[in-house]
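# Understanding the architecture of this molecule
The lines below spell out each chain.
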Amino acid sequence: MIFKQLLEENNLFFEDKFYEDCDVFIKLLQQWGMVHNLSGRLTRSDIEENILDSLFPLNFIEKYESFADIGTGAGYPGLILAMALRDMKSYLIEPRIKRVSFLNFVKASLKLDNLTVICSRVEQVKNLQVDLITSRAVTNTSLLLDITKNIKKENSSYLFYKGSMLESEIEIAKINDYKIVNRKDRNYLYIKGK
């Protein structure tokens, strides 16, 4: 299995069940994606690359009991992390109903009991506080830190999947204690909670 090899070359090791779940996810995303325009790139290799992109930070982040992914869209990175980390309480916060329907359908199909999908903008979410806040391609770092205040604990960490504008975003957000890990065109910004 080439996909398994790809993940293992990146130090990501999972049981067979995870790969079975990925197959289901890929098929569902391809079916739904054509109809509902969930993701621009729907070839198997594009989806596998997005899965790897979602999982790569597991190489360097700590273990957490809970996380919330902001603007999950077609499932990256939050749904993929929830599939890989079934013992972690996972929350996907997505305001668009079509995408929420898709995420809930995958949740039911894969029996992801650790997962809650919330149809809302993150600023309006109440009664939720998580250890890790993730986001990919939603908005700039400074705004992300601001709009997620209501779901953070005192010592929550952040993991943002960023592109090339990261350096200026960090300056604007006035972040001091952080780590940047690069892979291909991706910059992973990891801000560890105190």
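What you see is a predicted model; the values in this text were computed from it and never measured.

### Digging into the overall build of the protein chain
- In terms of regular secondary structure, the protein chain is built from seven helices and seven strands.
- Ordered by position from the N terminus, the helices and strands of the protein chain form the series α-α-α-β-α-β-α-β-β-α-β-α-β-β.
- A globule of 194 residues ought to have a C-alpha radius of gyration of about 16 Å, and the protein chain, at 16 Å, matches this closely.
- The C-alpha extent of the protein chain, read off along each of the three principal axes, is 40 × 35 × 30 Å.
- Taking all 194 residues of the protein chain together, the buried fraction comes to 55%.
- Counting only contacts in the protein chain whose residues sit at least 6 apart along the sequence, the fraction spanning at least 24 positions is 67%.
- Of the roughly 9900 Å² that the protein chain leaves accessible, carbon and sulfur atoms contribute 50%.
- Distance between charge centroids for the protein chain: 5 Å, based on 27 positive and 26 negative side chains.

### A few points about helix α5 (residues 97-110)
- Here α5 is 14 residues long and its end C-alpha atoms lie 20 Å apart, about the 20 Å a rise of 1.5 Å per residue gives.
- Taken together, the buried positions of α5 are occupied by R99, V100, F102, L103, V106 and L110. One side of α5 holds all its buried residues, which, seen down the axis, span an arc of 160 degrees. Facing away from the buried side of α5, by more than 90 degrees, are the exposed residues I97, K98 and A108.
- Taken together, the buried residues of α5 touch α2 (16-36), α4 (78-84), β2 (89-93) and β3 (115-118).
- Positioned one or two residues after α5, K111 has a phi angle of 50 degrees, which is positive.

### Focus: the environment of I47
- Considering the arrangement of structural elements, one finds I47 in helix α3 (residues 44-55).
- The exposure class assigned to I47 is buried, which follows from its relative accessible area of 0%.
- With 17 residues separating them along the chain, I47 and Q30 place their C-alpha atoms 9.0 Å apart.
- Contact partners of I47, with chain neighbours within four places excluded, come to F25, I26, L29, Q30, R41, L42 and Y76.

### Remarks on the sheet that holds strand β1 (residues 66-70)
- With mixed pairing, the seven strands of this open sheet are ordered in space as β3-β2-β1-β4-β5-β7-β6. The open sheet has two edge strands with one neighbour each: β3 and β6 (179-183). When the angles between neighbouring strand axes are averaged without regard to direction, this sheet yields 20 degrees.
- Its contacts with the sheet place α5 against β2 and β3, and it is angled at close to 165 degrees to β3.

### A short note on the pattern of salt bridges
- Counted under the stated rule, the structure contains 16 salt bridges.
- Its salt-bridge partner being R44, residue D23 comes within 2.4 Å of it at the nearest N-O pair. One end of the pair, D23, is in helix α2; the other, R44, is in helix α3, and 21 residues separate them in sequence.
- D23 gets classed as partly exposed once you look at its relative accessible area, which sits at 23%.
- R44 sits in the partly exposed class, given a relative accessible area of 34%.
- A single network of salt bridges, built from pairs that share partners, joins K17, D21 and R86.

### Section: the UniProt feature "binding site: S-adenosyl-L-methionine" (unreviewed entry) in the protein chain
- In the UniProt entry, the feature "binding site: S-adenosyl-L-methionine" (unreviewed entry) is given for G71, Y76, V122, E123 and R136. When only the residues just named are considered, the largest pocket is lined by G71, Y76, V122, E123 and R136.
- With respect to the element layout, G71 can be found in the loop between β1 and α4.
- The class for G71 is buried, based on a relative accessible area of 19%.
- Other than its neighbours up to four places away in sequence, G71 contacts I93, E94 and V138.

The rules behind each value
- Residues numbered from 1 in each chain as written.
- Predicted model: local features only at pLDDT ≥ 70, side-chain atom pairs only at ≥ 80, totals over all residues.
- Heavy atoms only, no water.
- Helix = DSSP H or I, 4+ residues; strand = E, 2+ residues; numbered from the N terminus.
- Rg over C-alpha atoms; globule rule 2.2 N^0.38 Å.
- Buried < 20%, exposed > 50% of the residue type's maximum accessible area, 1.4 Å probe, protein only.
- Contact = heavy atoms within 4.5 Å.
- Areas by Shrake-Rupley, 256 points an atom, 1.4 Å probe, with all protein chains shown as cover.
- Lys, Arg positive; Asp, Glu negative; His and termini not counted.
- Charge placed at Lys NZ, Arg CZ, Asp CG, Glu CD.
- Expected span 1.5 Å × (residues − 1).
- Arc of directions from axis to C-beta.
- Pairing = 2+ DSSP bridges.
- Axes fitted to C-alpha atoms, helices over the stretch in contact; angles between N-to-C directions.
- Salt bridge = Lys/Arg side-chain N within 4 Å of Asp/Glu carboxyl O.
- UniProt positions renumbered as here; feature names shortened; annotations may be inferred.
- 1 Å grid on protein atoms, 1.4 Å probe; cavity = no way out; pocket = protein on both sides within 12 Å on 5 of 7 lines; lining within 4 Å.

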